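Reading the structure
Here are the chains, one letter per residue:
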Amino acid sequence: MKNRHKRLALIAGGLAAFGIATALVLNAFQSNLVFFFTPTQVSAGEAPQERTFRVGGMVQTGSVQRQSDGLTVKFVVTDTAKMIPVSYTGILPDLFSEGKGVVAQGKLGADGLFRAEEVLAKHDENYMPPEAQHALDEAAKNTIATRP
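Residues numbered from 1 in each chain as written. Predicted model: local features only at pLDDT ≥ 70, side-chain atom pairs only at ≥ 80, totals over all residues. Heavy atoms only, no water.

**Some points on unusual backbone geometry**
Among all residues save glycine, negative phi is the norm, and among peptide bonds the norm is trans. Positive phi, close to 75°, is recorded for Thr80, a residue that is not glycine. Its place among the elements puts Thr80 in the loop between strand S4 (72–78) and strand S5 (83–89). (Helix = DSSP H or I, 4+ residues; strand = E, 2+ residues; numbered from the N terminus.)

**Things to note about the pattern of salt bridges**
Scanning all chains against the criterion turns up 1 salt bridge. Residues Asp111 and Arg115 are paired through a salt bridge, measuring 3.0 Å at the closest nitrogen-oxygen approach. We classify Arg115 as partly exposed; its relative accessible area is 38%. (Salt bridge = Lys/Arg side-chain N within 4 Å of Asp/Glu carboxyl O. Buried < 20%, exposed > 50% of the residue type's maximum accessible area, 1.4 Å probe, protein only.)

**Some details on the packing of aromatic side chains**
Applying the stated criterion across every chain yields a total of 3 aromatic pairs. Here the aromatic rings of Phe37 and Phe53 are separated by 5.4 Å at their centres, their planes lie at 90°, and the arrangement is edge-to-face. Residue Phe37 is located in strand S1 (residues 36–37), and its partner Phe53 is located in strand S2 (residues 53–59); the two are separated by 16 residues in the primary sequence. The class for Phe37 is buried, based on a relative accessible area of 12%. Since its relative accessible area comes to 0%, Phe53 is described here as buried. Judged by centre distance (5.2 Å) and plane angle (65°), the ring pair of Phe53 and Phe114 falls under edge-to-face. Placement of the pair is Phe53 in strand S2 and Phe114 in strand S7 (residues 114–121), with a sequence separation of 61 residues. These aromatic residues form a ring-pair network of at least three members: Phe37, Phe53 and Phe114. (Phe/Tyr/Trp six-rings, centres within 6.5 Å; stacked < 30°, edge-to-face > 60°.)

Structure follows, in structure tokens:
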């Protein structure tokens, strides 16, 4: 084999290896990507089925129901316009309470129940996740704009 052919084979092999590595990295990135949706967007069908995503808003007052097993909790997340029922099995953050901001990560079932795998609560009175605050602001604008 001539030097020129060896060099071309080496370049082609390097490009193939780079292409395979890039494809693997992009596939891993896409499978770990988690988007945020508001209850209004979930109700409108914008959230993906069978994929993990985050839903955020406020825990509706009076909606928290603790099951008899001591770990399962059902509650409603609202953005003041729409509501999404959430079920979570596990230990809730200490700052989780009704009327406070929350972001839940999980999957939406065909029955409309969001099954959370993780629940995040705000860490002080002045903080709310930026996505949740923006969602609440947008929902408030839309609610005011649709009133007669």
